[in-house]
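Below, each chain spelled out in residue letters.
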Number of protein chains: 2
Amino acid sequence: MSNYSSYQIMMRKIADIQYASAVLNWDQESYMPPKGATFRAQQLSTLAGIGHELATSKELGELLNKLSEDTSLSEKEKRNISQSLKSFNDNKKYSTEFVQLLSKTISETFQAWQKAKADNNFALYAPHLEKLVKLKREECKLLGDFVHPYDALLNQYEPGSKTADLEVLFTDVREQLVAFVKKIAEKPQNEDAFMYLYYDKQQQWDFGLDLLKQMGYDFESGRQDESSHPFTTNFSPEDVRVTTRINVNDINEMIWSCIHEGGHALYEQGLPSEEYGLPSSEYVSLGIHESQSRLWENNVGRSLLYWKANYPKLKNAFPENLKSVSVEDFYKAMNIVKPSLIRTSADELTYHFHVLIRFEIEKALIEGLLEVNELPAYWNQKYKEYLGIEVPNDASGVLQDIHWSHGSFGYFPTYSLGSFYAAQFFVQAKIEINGLEAEIEKGNMKPLLDWLREKVHRHGKYYSAEELCIAISGEKLNFKYFMDYATKKYSKLYDL
Amino acid sequence: MSNYSSYQIMMRKIADIQYASAVLNWDQESYMPPKGATFRAQQLSTLAGIGHELATSKELGELLNKLSEDTSLSEKEKRNISQSLKSFNDNKKYSTEFVQLLSKTISETFQAWQKAKADNNFALYAPHLEKLVKLKREECKLLGDFVHPYDALLNQYEPGSKTADLEVLFTDVREQLVAFVKKIAEKPQNEDAFMYLYYDKQQQWDFGLDLLKQMGYDFESGRQDESSHPFTTNFSPEDVRVTTRINVNDINEMIWSCIHEGGHALYEQGLPSEEYGLPSSEYVSLGIHESQSRLWENNVGRSLLYWKANYPKLKNAFPENLKSVSVEDFYKAMNIVKPSLIRTSADELTYHFHVLIRFEIEKALIEGLLEVNELPAYWNQKYKEYLGIEVPNDASGVLQDIHWSHGSFGYFPTYSLGSFYAAQFFVQAKIEINGLEAEIEKGNMKPLLDWLREKVHRHGKYYSAEELCIAISGEKLNFKYFMDYATKKYSKLYDL
């Protein structure tokens, strides 16, 4: 057997363990009964330990070192090896004990967060989160060798990204977006009360499934379930699942979670399954992942053309609620810009203030300038400062998102990166795809999906995010694409 | 750390892997999209391999050998060690390659069985099953040292059981039950057409949940889902799940699967969670497991007293269907004895002919006297011989059950053993529990559950099946208890 084949086998085994953990996590978040939590945490910790042992084995290290000098490999194989070697060296910085402790702490913190959010009681969560933040600070030290300690965490989600670069980007966001949102605030607000009438759950569910089908989501390789925080997960490129959240008094939650998670899922379903376990079957970065969900959600889903195709179906499902609402009214309602409490239901523009706040808080937490017990007050102050709103309680404030309970610090910035990549990619899609807008208006999403498959999905992790962005659009990430898109769209919507 | 503590830690880790596999299996049978099958098979195979490596590690072997000579251990600890040492030695007979091949073949055979059953096409299943039967024959050789090769498989489900003993038992079944069923067949049949009216799915579902609650099933440590073949599974003693099957044109399927799986689940929920991973937290044998489901399903659930408590609720849920049906009519209808095609919906008596047929077929398959391609014809001939019925197609014939696709040969006999143990235990329960029948009639199942917890559940695997049976009833398994129960009940029902 060739060294490369041995490498493939080892990587597949590691992937098997990681995907098994993903199944246990998915189950934990969708179906597991409450008392199952303790043993589940232990089981996940055991799997994490085994996965880590395999990912840092002497055998794998030797093989990777040998292969990294093998000049007979193809370009793709070489990239796989160099990326796997980098992961191997990163993984070696962790002890198995640390990995297991982290996994167990995460499961416990997640359980505590669920209770804390339900009971609006930050104190239930705080001691667990404190433990977790300590571990993450320790993790930054273990990983070492970064200009800023937070860089170490950023790199787990967005390889190559830097705190310093994000500071520049978020300065643009702050300056340009704040000014623009202020101009909007001076204009009369559009009507959206009809979004909050009673919308039957089953009808919503069926409509969401239709949207997913139309996008090209393959239900033979996936399924949709409900969860309190919508997410996409995959257990192979042929088992990619989404969850949605349905609120019978707000049609928005289902619509945007279906399209958003659908976008993520199309990316995963488009990754090459024959490369299972290797970097070439993996997504580039979370920023690029988010570019896929945001492109569908915002650039496509929040456009008038998209609803010209889909609004008649929605109106048919809910004739009473929407009888006097035109597609233009519906389009205006879904694009209301207005500072709000909850990130996941924020509009396209103020959304980035939520991310900005997380970025500042996480940086301070990791730097040790902020402690967990100070979080609620600090959070509320930032929301006052950037969004001009009072946070009425922690459940809709600092407790709103699942991420920190998962130990995901450094994750939030990728949400903004994703939106900005999406705007840049979509400009290019419109140039390259003949009659794209007319196809969307007809409800034919195939040309766009084919383009994304060709430009993004099929490459796996072959390109870095920056390389991919250049390959697609001819330049590095540039905030101006997003700002141009926003200015054009919202100037028209608000008659600026 | 003491040797015993090290042993506990190792065993917990092995259990974590086994339970992780159980989650992946549960998902495979309940929620996994069809294309997920291939990678899932690979993931399960990897987990099986890792579990096997841990369960046969030199370290564990040395520890068990040391501990087996440690006289300072308690009686319970000693039993744990001797049972774990036996499992260790059994596991050592398998290579990791064999375990992984078996796991992968099982997943593939299961997928093939699903398709074959849906399409009524045995040929889709046959090549996979052939491969699996070959592996099982090989397994018998690996395990070696049994009087009959089939004993090796029987022992995986019912430790200590022998083909020779089962032959004696099934001779009793054949002689006594066949004669009794013949007498019944000469009598006029009871009415049960109302069982097959349209019964709304959601109403059935809710009624089933009520039955489970009444039995004492803890929904904080479990949940119910749907599947094509109802089963109970657990991922710890605090996460014990059941599935049910609902047929809107047959109220029987939901009722009997809920009570049956509920009985299994109560056993698992009653096992000591503090002993997680050790034999003392495990069930005795599948025969004893089945005694718990059968006791609830037949001795309790098919009694008139049980329905005196529950029929008013059912009638309330389906007033139209049941308006002219008295509880006595309902009781008679649920106890109709009539040879039929499908094991899981067979009555209490002819049920054992289905098991008898499986026993004879499995024995012949393992002996090599029968091949997979001969199965459908052989099956149909046996059904003619023992049940006097023609099998119209393989889907309701040889393809009806999931077990063989799981590689579970030697499993079926435990179904009959379970019914016979149940009859024997229930006689004792009635002697020991003050006013048991009156409590059941009131819908109070707690005294019975408490008795089962005390007599069976809390002991884990401390006793063997035979020891447990003697501890409870003062004697070994005796078919006469079942035959007495059957004679008394059905003589009255059929006026013999």
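As the structure is a prediction and not an experimental result, all values here were calculated from the model.

Parameters at a glance
Residues numbered from 1 in each chain as written. Chains lettered and ligands numbered in written order. Predicted model: local features only at pLDDT ≥ 70, side-chain atom pairs only at ≥ 80, totals over all residues. Helix = DSSP H or I, 4+ residues; strand = E, 2+ residues; numbered from the N terminus. Rg over C-alpha atoms; globule rule 2.2 N^0.38 Å. Contact = placed C-beta atoms within 7 Å. Expected span 1.5 Å × (residues − 1). Buried ≥ 20, exposed ≤ 12 C-beta atoms within 10 Å, placed from the backbone. Pairing = 2+ DSSP bridges. Axes fitted to C-alpha atoms, helices over the stretch in contact; angles between N-to-C directions. Domains from an automatic or database assignment. Nonpolar A, V, L, I, M, F, W, Y, C, P; charged D, E, K, R; others polar. Core = buried A, V, L, I, M, F, W, Y, C linked by C-beta atoms within 7 Å. pLDDT = per-residue confidence, 0-100. Parallel < 35°, antiparallel > 145°, perpendicular 65-115°, else oblique. Left-handed = near helix turned anticlockwise from the far one by under 90°.

Before going further, it helps to examine the overall build of chain A. Scanning chain A from terminus to terminus reveals 21 helices and 3 strands. In summary, chain A has a C-alpha radius of gyration of 23 Å against a globular reference of 23 Å for 496 residues, a match within 12%. Each of the three principal axes of chain A carries a C-alpha extent, and together these read 70 × 55 × 45 Å. If you take every contact in chain A between residues at least 6 apart in sequence, the share linking residues at least 24 apart comes to 73%.

What sets the pattern is the α-helix's 3.6 residues per turn: residues three or four places apart point alike. The terminal C-alpha atoms of helix α10 (residues 251-270) of chain A lie 29 Å apart, and with 20 residues this matches the ideal 28 Å at 1.5 Å per residue to within 8%. Of all the 20 residues making up α10(A), 19 are buried; the element is thus mostly covered by neighbouring parts of the structure.

It is generally the case that most residues other than glycine have a negative phi and that most peptide bonds are trans. Although it is not a glycine, Asp145(A) sits at a positive phi angle of roughly 55°. Counting through the fold element by element, Asp145(A) comes out in the loop between α6 (122-143) and α7 (149-157). Even without being a glycine, Asn120(B) presents a positive backbone phi close to 50°. Considering the arrangement of structural elements, one finds Asn120(B) in the loop between α5 (96-119) and α6 (122-143). The exposure class of Asn120(B) is partly exposed, given the 14 C-beta atoms found within 10 Å.

With that settled, the discussion passes to the sheet that holds strand β1 (residues 224-226) of chain A. Residue and element names in this part refer to chain A. Taken together, the 3 strands give an open sheet; going across it, the order is β1-β3-β2, and neighbouring strands pair in mixed fashion. A single partner strand is all that each edge strand has here, and the edge strands are β1 and β2 (232-236). Strand-to-strand twist of the sheet, defined as the mean angle between neighbouring strand axes without regard to direction, takes the value 30°. Looking at chain direction, β2 and strand β3 (residues 239-244) are connected through 4 bridges and run antiparallel. The partner of Ser-236 across the bridge, within β3, is Asp-239.

Checked against the element boundaries, Ile14(A) lands in helix α1 (residues 3-30). Distance from Ile14(A) to Leu85(A), taken between C-alpha atoms, is 14 Å for residues 71 residues apart in sequence.

We now examine the domain arrangement of chain A. Residue and element names in this part refer to chain A. You can read the domains of chain A as domain 1 (3-145) and domain 2 (163-493). Using C-alpha coordinates to define each centre, domain 1 is positioned 26 Å away from domain 2. Taken together, the 34 residues of domain 1 in the interface contact 31 residues of domain 2. Counting residues per element, the ones that place at least two in the side of domain 1 that touches domain 2 are α1, α4 (75-92), α5 (96-119) and α6. Counting residues per element, the side of domain 1 that touches domain 2 draws most heavily on α1, which supplies 11 residues. When its residues are assigned to classes, the side of domain 1 that touches domain 2 shows 19 nonpolar, 7 polar and 8 charged.

Glancing now at the nonpolar core. Core analysis: the biggest nonpolar cluster contains 267 residues, and Ala20(A), Val23(A), Tyr421(A), Ala20(B), Val23(B) and Tyr421(B) have the highest contact counts within it. Setting aside residues up to four positions removed in sequence, Ala20(A) forms contacts with Leu47(A), Ala20(B), Leu24(B), Gln43(B) and Leu47(B).

What follows is about the interface of chain A and chain B. Listed as interface residues are 31 residues of chain A and, on the opposing side, 31 residues of chain B. Breaking the side of chain A that touches chain B down by element, the ones donating at least two residues are α1, α2 (37-55) and β2 of chain A. For the side of chain A that touches chain B, the element with the highest residue contribution is α1(A), accounting for 8 residues. Residue composition of the side of chain A that touches chain B, grouped by class: 15 nonpolar, 8 polar and 8 charged.

Summary statistics for chain A give a mean pLDDT of 96 and a share of 100% for residues scoring 70 or more. For this predicted complex, the interface confidence comes out at an ipTM of 0.88, alongside a pTM of 0.89.

Here we take up the packing of α7(A) against helix α15 (residues 351-367) of chain A. Residue and element names in this part refer to chain A. Contact geometry for α7 and α15: axes closest at 8 Å, N-to-C directions at 125°. The orientation of α7 with respect to α15, classified from their angle, is oblique. As for how α7 packs across α15, the hand of that crossing is right-handed. Between α7 and α15, the contacting residues are Pro-149, Tyr-150 and Leu-153 on the first element and Glu-362, Lys-363, Ile-366 and Glu-367 on the second. Considered class by class, the residues forming the contact of α7 with α15 number 4 nonpolar, no polar and 3 charged.

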